[in-house]
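Survey of secondary and tertiary structure
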Amino acid sequence: MTATDTRRPPTSSDSPPPRGERAPRVLSFSHKLSRWDLKFSPYLYISPFFILFAIVGLFPIAFTAVISFQEWDLVRNSGTFVGFDQYIWILGQPQFWTALRNTFSIFLLSSVPQLILAIFIAAMLDRNIRAKTFWRMSVLLPFVMAPVAVALIFSNMFGDNHGLVNNVLTNIGLNPIPWHKDPFWSHIAIATMVNFRWTGYNALILLAAMQAVPREYYEAATVDGANAFRQFWSITLPSLRPTLIFVIITATIGGLQIFDEPRMFDNTGEGGPAQQWLTITLYLYNIGWGEFNFGRAAALAWILFIIILLIGLINLFITRRLVRDEGGRGEITPRRRKRVQR
Amino acid sequence: MTSLSSPPLAIIEEGIPNAKRRQRGDRTTKIRGMRAGTWVYIGLGVVIVSAIFPYYWSFLIGSGDASTINDPDMSWLPGGNFIANALSVVNDPAVNFWLALWNSIFSSTVIAASVVVFSTLAGWAFAKLRFRGRGWLLAFIVATLAVPTQLGVVPLYILFADLGWTGNIGAIIIPALTSAFGVFWMTQYLSQSVPDELIEAARVDGASMIRTFWTVGVVAARPAAAMLFLFTFVNAWNNFFWPFIVLDRQSPTLPVALSLLQSNYFVDYSIVLAGVLLATIPLLILFAFAGRQLVNGIMAGAVKG
Amino acid sequence: MNSRAFRRGAVAVAAFSASAIVLAGCAGSSGDTPSSDPNEEITLTLATFNNFGYTDELLQEYMDENPNVTIVHNKAAESGDARANYFQKLGKEGLADIEAVEIDWFAEAMQYSDLLAEVPESAKGRWLDWKEAGATDGDGRLVGFGTDIGPQAICYRADLFEAAGLASTPDEVATLFDGDWSNFFDVADQYKTATGKPMIDAANSVLQGIVNQIEYTYTEPDGTVIATENPEIEDAYNLVVERAVPNSAYSGQWSDDWNASMANGEFAAMLCPGWMLGVISGNAPDVTGWEVADVFPNGGANWGGSYLTVPANGANVDAALALADWLTAPEQQAKTFVNAGQFPSAIEAQSDPAITDSTNEYFNNAPTGEIFAARSEAITVTPFKDANYFKYHDALQNAVNRVFDGLEDQTTSWNTWVAEVEAF
């Protein structure tokens, strides 16, 4: 694209009005090109993504939606239409409601400590430390570990009879914990596995965002006498708002879809004899790939989708209310604009 | 709360004198002043130990023999068998180790690069450009993340079988070329880290959209892009189920190949874990490279002009 | 690196990726075109899991006899992976020319028997009749080549038995356990009284042993579900809960703890089919006390076994049938027994000297070939298993687990199972 020579700030109909006073120039062909540039190039930017996504991303989703209303035979690749029967069946299963309970419990036990810890770790890494690359990359090590190794390690740690944790507990005189029998303790163990894997990951995301906060803000605040905590609360967090929204939404979505860890918690992968740690996605997987009842599994996937949507919206709302946007550079809402002075 | 003056920023462009010689460490030291205290190092130390412990434990077992994992009195010092176990992994005829390694490296690199490119483009548009339907499209993309992917294998396999691409490494790469997660991440990062003033400044200087993207967006996105590359690479690297289904056994990826070490009624975990550690080494090398990209943000300093 | 170099690098990677995608797509997959020339060079793929005993040497023998054939042997790690792969691709493309199917999911595969090629007439009658019957569909087509079966004997720790004051030589132990399940549990009680520790490895292993001696378990051949009303099933459940659970170290098998316990003496006896011998020797390489006794409560029961199937839409169906025929011929089945302990299902193979004379060094040179042949002959009942069998059985195992773990008591757990079954 050739550089156009306009001095006119962007003025498509959706953009905020320009700051400052610049007199509009005379319309010319190059100006028209520039307007097209403005109006249509965004679509060009997103189209590579959407085209590919439509084929390999949307097609499976649409397929899942369609077969959720059917009694689907995987091998014959055909099904009979049954309306909402699959949905109704799932909602009538006590196992579904147990799985829902488990999913929420594990979600809360994992996301909340994880995010708090991630912010904390990111703040530490943001400081001026020696050997930055080493420290920063090593928090990502747990994320890299292959699932089979994670499964082995943690089932050894949380083994009911011979696990490391129970050995330590009995050595200091406490009772061993029934990790694989009691639902609550199984959730703690699984949440530990999840946190182990994902805390470093979230910490680095937050770190990347923190790095983009200009240091001058902190300088100015130090000059004004704000301590580290105050700086964190009033500068760092608001600047991180878009990223925090990202982290919370992805943590919500991921947390409600936890699958690998409960599956690896014992060697049957069924979530426990009384479904103590069966999550919705694990339940879905067992219906789909265990019983090959894909119609039913698809219905469960969409029920989960609706649940995630609801919780995600709630969390989004909470985050936007909690974290003020004062330092951010995102969209400028009219209310905020008045406060920003040039 | 003191009112924040408008942030001074600088773009490290080639035109600035001494730009290249300016040390990053210098800048932050001057700006930050104080070095991090001991508590920070202690805290980080705890984090590191808990991160590395499982690797050490795997190494302990991988350097033992088949009965080490069951041994209640397992020593905390490594045995001497690691090299031997690693060699049996590499030389195992059923595990096409070098081919699988290459397949994994190739597919993961292509996937990660593609995701970064497409996500940065789309993220820039969603974050900084104004167009009709922007909000809805972004919400739609994020919403698709909420659909579990465990069932996606079924229609994907039908699609690829119809195209005749099963057994082909392209079948691994193509479904993973785009990522809703990546778009969401770049959107949020760019909306936070690129102030609108910068774009306006570039436009004022006469840049077209694409040039603005190239000089401002791509530069600003670098840390986030490095992160996204890392994450996507690791996910693609560790992916098991889809490569298992769609590739044939002659040309697998590394996780599928290594899973064969578990094929028997009795599994020798010392070999399995030695294989796991071997498979992690390329990732650690990648970390060393990508980590440098995350050392500092690029946008630091005063805005030009 | 500075931003310009980064941008250049980014462009380079993007270009590389784009061209790589195009190339990868263009490469396409190789598909064999079906040919009718018997001497044409063909490649046959054989897909198994776990360990079928098909060593490279064995396959090389076939390739030497048939120089135009190249065999490629693919293994999946476990039966579960193989199963997911199998049903994902059956009827479409992507399966190997010969696919191994475990008996656990063979009944499910039988629902699609029309997609499998039929076993040649010449091979019929080779196998034990119940093995063949399991692979014959409603139209009388035999679609599976039987590979191994799992006749069960009892493996026990002679040293622990001796310490408990029980008989310890294989012959004596055979007499000790000769009888029904009640007798089996009596011995377990004796062991517990003497040592305070459980004798049995896992309650669900016993459940399997009992249920595998019932002809009609959860469903009848015409499709009626009798699971919850079947008195034999209820008796089996009650027997296991009342007598096996107190005498078992674990509820289920294959956990890390269970693997470790073969070496550390947490239990002293277990039901073992031929393929279990390798598990024991692998998990407890330094223990010398393991022995095999030629006995089983009520004579015998079968646990496990597999078939080879040939997908009918493959590229080389005739050649694949010929290879499967050869692999499951009595001579080859004797060889896989020697290779991997897979007890043959071909009648002739069971009297092959390679089997009848074979001994197992780890188990104190026990004549394992003879033992399992004897146990195989003692099998009187073959349970009818349809596609849903494992769903019901799995849920019943969970019911036992719940009682073992103390989550629910005997009656509540049974009722939970009944409710689950009715919802299926």
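Residues numbered from 1 in each chain as written. Chains lettered and ligands numbered in written order. Predicted model: local features only at pLDDT ≥ 70, side-chain atom pairs only at ≥ 80, totals over all residues. Heavy atoms only, no water.

**Quick notes on the overall build of chain B**
When helices and strands are counted, chain B shows 14 helices and zero strands. Expressed as a percentage of the 305 residues in chain B, the buried residues total 63%. Here the analysis covers contacts within chain B between residues at least 6 apart in sequence; of these, 74% occur between residues at least 24 apart. About 12000 Å² of surface is accessible on chain B, with carbon and sulfur atoms providing 64% of the total. (Helix = DSSP H or I, 4+ residues; strand = E, 2+ residues; numbered from the N terminus. Buried < 20%, exposed > 50% of the residue type's maximum accessible area, 1.4 Å probe, protein only. Contact = heavy atoms within 4.5 Å. Areas by Shrake-Rupley, 256 points an atom, 1.4 Å probe, with all protein chains shown as cover.)

**What to know about the overall build of chain A**
Secondary structure summary: chain A contains 15 helices and two strands in total. Here chain A holds 342 residues, and 57% of them are scored as buried. For chain A, the share of sequence-separated contacts (at least 6 apart) that also reach a separation of at least 24 residues comes to 67%. Carbon and sulfur atoms make up 65% of the accessible area of chain A, which amounts to about 15600 Å² in all.

**With respect to the interface of chain B and chain A**
If you look at the interface, chain B gives 110 residues, while chain A gives 111 residues. At the junction of chain B and chain A, the tally comes to zero salt bridges. Taken together, the connections running from chain B to chain A amount to ten residue pairs in polar contact (both at pLDDT 80 or more). Ranked by residue count, the leading element in the side of chain B that touches chain A is helix 2 (residues 38-62) of chain B, at 15 residues. Residues that form the side of chain B that touches chain A fall into these classes: 73 nonpolar, 27 polar and ten charged. (Salt bridge = Lys/Arg side-chain N within 4 Å of Asp/Glu carboxyl O. Polar contact = N/O pair within 3.5 Å; in protein donor to acceptor, adjacent residues only side chain to side chain. Nonpolar A, V, L, I, M, F, W, Y, C, P; charged D, E, K, R; others polar.)

**What to know about unusual backbone geometry**
Despite not being glycine, Asn77 of chain A shows a phi value in the positive range, around 55°. Among the structural elements, Asn77 of chain A can be located in the loop between strand 1 (70-73) and strand 2 (78-81). On the accessibility criterion, Asn77 of chain A (31% relative accessible area) is partly exposed. The phi dihedral of Asn298 of chain C falls on the positive side, at around 65°, and the residue is not glycine.

**A word on the nonpolar core**
Burial of nonpolar side chains together is a common tendency in soluble globular proteins. Counting residues in each nonpolar core, the largest one holds 296 residues, and the members touching the most others are Trp185 of chain B together with Trp290 of chain C. Among the elements that line this core, the one with the most residues is helix 4 (residues 97-128) of chain B, at 16 residues. Ignoring anything within four residues of it in the chain, the contact list for Trp185 of chain B reads Ile205, Ala208, Thr243 and Phe246 of chain A together with Ala224, Met227 and Leu228 of chain B. (Core = buried A, V, L, I, M, F, W, Y, C linked by side-chain atoms within 4.5 Å.)

**Quick word on the interface of chain C and chain A**
One frequent convention defines the size of an interface as the accessible area lost when the parts assemble. At the interface, 28 residues of chain C touch 25 residues of chain A. Summed over both partners, the interface of chain C with chain A comes to about 2200 Å²; 47% of that surface belongs to carbon and sulfur atoms. Taken together, the connections running from chain C to chain A amount to two salt bridges. In this structure, Glu291 of chain A and Lys391 of chain C form a salt bridge, with 3.9 Å as the shortest nitrogen-oxygen distance. Between the two partners, chain C and chain A, sit eleven residue pairs in polar contact (both at pLDDT 80 or more). At the level of elements, helix 3 (79-89), helix 11 (256-264), helix 17 (389-404) and helix 18 (410-423) of chain C are the ones that each hand at least two residues to the side of chain C that touches chain A. Top contributing element to the side of chain C that touches chain A by residue count: helix 17 of chain C, with five residues. Partitioned by chemical class, the residues of the side of chain C that touches chain A number nine nonpolar, seven polar and twelve charged. (Buried area = accessible area lost by both parts, 1.4 Å probe.)

**Concerning the packing of helix 4 of chain B against helix 11 (residues 222-238) of chain B**
The angle between the axes and the distance between the axes are what describe a pair of packed helices. Residues and elements named next belong to chain B. At their nearest, the axes of helix 4 and helix 11 sit 8 Å apart, and the two run at 140° to each other. Considering their axes alone, helix 4 and helix 11 lie oblique with respect to each other. Between helix 4 and helix 11 lies a crossing whose hand is right-handed. Facing Leu101, Ser104, Ile105, Ser108, Thr109, Ile111, Ala112, Ala113, Val115, Val116 and Ser119 of helix 4, the residues of helix 11 in contact are Ala225, Leu228, Phe229, Thr232, Phe233, Ala236 and Trp237. Across the contact of helix 4 with helix 11, the residue classes tally to 13 nonpolar, five polar and no charged. (Axes fitted to C-alpha atoms, helices over the stretch in contact; angles between N-to-C directions. Parallel < 35°, antiparallel > 145°, perpendicular 65-115°, else oblique. Left-handed = near helix turned anticlockwise from the far one by under 90°.)

**Regarding the confidence of the model for chain A**
Residue and element names in this part refer to chain A. Scored by pLDDT, chain A comes out at a mean of 83, with 87% of its residues at no less than 70. A low-confidence stretch, residues 1-17 stays under pLDDT 50, and its non-local contacts, those more than four residues away or across chains, total 29 contacts. Scored below 50 in pLDDT, residues 327-338 makes 26 contacts in the model with residues more than four places away or belonging to other chains. (pLDDT = per-residue confidence, 0-100.)

**Considerations on the domain arrangement of chain A**
Residues and elements named next belong to chain A. What the domain assignment reports for chain A is domain 1 (2-12 + 27-68) and domain 2 (87-341). The C-alpha-based centres of domain 1 and domain 2 are spaced at 33 Å. Every contact between the two is made by five residues of domain 1 and, on the other side, seven residues of domain 2. Carbon and sulfur atoms make up 73% of the area that domain 1 and domain 2 hide from each other, which totals about 440 Å². On the surface where domain 1 and domain 2 come into contact, there are zero salt bridges. Taken together, the links from domain 1 to domain 2 amount to one residue pair in polar contact (both at pLDDT 80 or more). Residue composition of the side of domain 1 that touches domain 2, grouped by class: three nonpolar, two polar and no charged. (Domains from an automatic or database assignment.)

**What to know about helix 17 of chain C**
Residues and elements named next belong to chain C. Taking 1.5 Å per residue, 16 residues should reach 22 Å; helix 17 reaches 23 Å between its end C-alpha atoms and fits that length. Among the residues making up helix 17, those that are buried are Tyr389, Tyr392, His393, Ala395, Leu396, Asn398, Ala399, Val400, Asn401, Arg402 and Val403. Those residues of helix 17 hidden inside the fold are in contact with helix 9 (203-211), helix 10 (231-244) and helix 18. Once helix 17 ends, the next one or two residues include Gly406, with phi positive near 80°. (Expected span 1.5 Å × (residues − 1).)

**Here's the deal with the confidence of the model for chain B**
Residue and element names in this part refer to chain B. In the predicted model, chain B carries a mean pLDDT of 79, and the fraction of residues at 70 or more is 83%. Summarising per-element confidence for chain B, the mean pLDDT is lowest in helix 1 (residues 24-32) (41) and highest in helix 4 (93). The model gives residues 297-305 a pLDDT under 50, and that stretch makes 26 contacts with residues more than four places away or in other chains. The ipTM value of the predicted complex is 0.84, and its pTM value is 0.85.

**Digging into the environment of Tyr265 of chain B**
Mapped onto the fold, Tyr265 of chain B is located in the loop between helix 13 (254-259) and helix 14 (269-293). Of the residues examined, Tyr265 of chain B reaches a relative accessible area of 23% and is grouped as partly exposed. Between the C-alpha atom of Tyr265 of chain B and that of Phe106 of chain B, which follows or precedes it by 159 residues, the distance is 33 Å. With residues near it in sequence (within four places) discarded, Tyr265 of chain B still touches Asn50, Glu102, Trp254, Trp275, Val279 and Gln342 of chain C.

**Here we look at a nonpolar patch on the surface**
A cluster of nonpolar side chains, Leu164, Val168, Ile172 and Leu174 of chain A together with Ile52, Tyr56, Trp76 and Leu77 of chain B, forms an exposed patch at the surface whose accessible area comes to about 770 Å². At the level of secondary structure, the elements contributing two or more residues to the nonpolar patch comprise helix 7 (164-171) of chain A together with helix 2 of chain B. The topology assignment puts Ile52 of chain B in helix 2. A relative accessible area of 34% places Ile52 of chain B in the partly exposed class. (Patch = residues over 30% accessible without salt bridge, like charges linked within 9 Å, V, L, I, M, F, W, Y side chains within 5 Å.)

**Some details on helix 13 (residues 317-327) of chain C**
Each α-helix turn comprises 3.6 residues. Residues three or four places apart therefore point the same way. The buried fraction of helix 13 of chain C is high, at nine of eleven residues. The complete set of buried residues in helix 13 of chain C reads Val317, Ala319, Ala320, Leu321, Leu323, Ala324, Asp325, Trp326 and Leu327 of chain C.

**Overview of the packing of aromatic side chains**
Within the structure shown, the criterion is met by 80 aromatic pairs over all chains. Consider the rings of Trp254 of chain C and Trp275 of chain C, whose centres lie 6.3 Å apart with planes at 20°: the pair is stacked. Here Trp275 of chain C lies in the loop between strand 7 (269-273) and helix 12 (276-283) and Trp254 of chain C lies in the loop between strand 6 (248-250) and helix 11, a separation of 21 residues in the sequence. Given a relative accessible area of 9%, Trp275 of chain C falls into the buried group. Across the ring face of Trp89 of chain A, the terminal group of Arg296 of chain A is positioned such that the distance to the ring centre comes to 3.6 Å. Looking at Arg126 of chain C, its charged tip hangs above the ring of Trp127 of chain C, at a distance of 5.2 Å from the centre. (Phe/Tyr/Trp six-rings, centres within 6.5 Å; stacked < 30°, edge-to-face > 60°. Lys NZ or Arg CZ within 6 Å of the ring centre and 35° of its normal.)

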